[in-house]
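These are the residues of each chain, in order.
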Amino acid sequence: MNALRPGAGPIVTLTANPSVDRTLTLPGALVRGAVHRVEHVTSQAGGKGVNISRAAVAAGLDTVAVLPALPGDPFVRELEEAGIHCRTSAPAGDIRVNLTLTEPDGTTTKLNSPGEPIRGEHLDDLTAAVVSEARGASWTVLAGSLPPGAPAGLYADLVSRLSGLSRVAVDTSDAPLSALVDRLPASAPALIKPNAEELASITGADPSVLEDDPVAAARAAQTLVDRGIGTVLVTLGARGALLLDATGAWHATPTPTTVVSTVGAGDSSLFGYLLADLQGLPPAERLALAVAYGSAAASLPGTTIPTPAEVRTESTLVRPLLVRQPS
């Protein structure tokens, strides 16, 4: 692995709505209404921020996972045994359970629980924890859904509060993503990582067009850079990913991969970008590592996060894109 920039701080992750991720591997195609025998079951402490902290530990980086849980909860003990330092806050209740069904062709069906409704005192404790840990961090990642009861603008509020403490990356969807974009440029993070559907939801574009046409997706993402977001990393599934910042736009095509499970692939892509950034690599190489990490994750079962040894960038093709029409 390339050396990190001198003085690099930890990657802090916030998982406001953590989950026990239970993956059921089916021996054949899922048939609605039928009885299925499960081939294999895995269960692990998860959530988008937790997945990124797992990737950081696998790459030898310091990380702190901020999440609402009791210090002695089995969820927390599992993460600590994996080498992840946890900063806990008062939980509103038990950690939710998410179910994932995977089929032999890589098709993934997810059944996500909402989580326990959060109250004001729990929300205050959680936000105070992440603000405290962000001081001196290289990146603070706000990732995943929010629990019931949390205001949709929580991530937008945190981006403003974390200004000057740490660079902030946001990976979320639905109302929290819309609230963030609605408050631009005041709530502009250093990085966001939407997929094609999420990008369409905040730019008014057609998601099927963005998925199939990297140039159209890049033009949609450019509107977010124009509104103050530092970098936009757009994951496009089998079509790779895009990266846009003030200096240009790039599209990366992944190495052909036998997809086993797409769970955690987006989180791995985001971590690949953060790792490349901490290594001081230029934008095109950051994108290449992001795509390579996502492809490696998709080739692994369940929510398995790849190690650097499982990531290959050699055959990842990166090309610059012309987003703005010449005047």
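These figures come from a predicted structure and were not determined experimentally. (Residues numbered from 1 in each chain as written. Predicted model: local features only at pLDDT ≥ 70, side-chain atom pairs only at ≥ 80, totals over all residues. Heavy atoms only, no water.)

J.: Please give an account of empty space enclosed by the protein that cites residues and values.
T.: Summed over the entire model, instances satisfying the criterion amount to one cavity of 30 Å³ or more. Of the pockets and cavities examined, the largest cavity occupies roughly 160 Å³. Its residues assigned to classes, the lining of the largest cavity shows nine nonpolar, four polar and three charged. (1 Å grid on protein atoms, 1.4 Å probe; cavity = no way out; pocket = protein on both sides within 12 Å on 5 of 7 lines; lining within 4 Å. Points joined across faces, edges and corners; volume = space filled by probe spheres on them. Nonpolar A, V, L, I, M, F, W, Y, C, P; charged D, E, K, R; others polar.)

J.: Please set out the packing of aromatic side chains residue by residue, giving values where relevant.
T.: With the rule as written, the count across this model stands at two aromatic pairs. Aromatic pair Trp139 and Tyr273: ring centres 6.5 Å apart, planes at 80°, arrangement edge-to-face. You can see Trp139 sitting in strand S8 (residues 139-143) and its partner Tyr273 sitting in helix H9 (residues 265-278), a full 134 residues away along the chain. Overall, the relative accessible area of 2% leaves Tyr273 in the buried class. Taking the centre distance of 5.4 Å and the plane angle of 75° together, the rings of Phe271 and Tyr293 count as edge-to-face. One end of the pair, Phe271, is in helix H9; the other, Tyr293, is in helix H10 (residues 283-298), and 22 residues separate them in sequence. On the accessibility criterion, Phe271 (0% relative accessible area) is buried. Residue classification places Tyr293 among the buried residues on the basis of a relative accessible area of 1%. (Phe/Tyr/Trp six-rings, centres within 6.5 Å; stacked < 30°, edge-to-face > 60°. Helix = DSSP H or I, 4+ residues; strand = E, 2+ residues; numbered from the N terminus. Buried < 20%, exposed > 50% of the residue type's maximum accessible area, 1.4 Å probe, protein only.)

J.: Go over the sheet that holds strand S5 (residues 85-89), please, and point to the residues and values.
T.: Strand order across the open sheet formed by 10 strands is S5-S4-S1-S8-S9-S10-S11-S12-S13-S14, with mixed pairing between neighbours. Only two strands of the sheet have a single neighbouring strand rather than two, namely S5 and strand S14 (317-320). Pairing analysis gives four bridges linking strand S1 (residues 11-15) to strand S4 (residues 63-68), with the strands arranged parallel. Looking across to S4, one finds that Thr13 is bridged to Ala65. With respect to the sheet, helix H8 (residues 214-226) is in contact with strand S10 (191-192), strand S11 (231-235), strand S12 (241-245), strand S13 (248-253) and S14, its orientation differing from that of S12 by roughly 35°. (Pairing = 2+ DSSP bridges. Contact = heavy atoms within 4.5 Å. Axes fitted to C-alpha atoms, helices over the stretch in contact; angles between N-to-C directions.)

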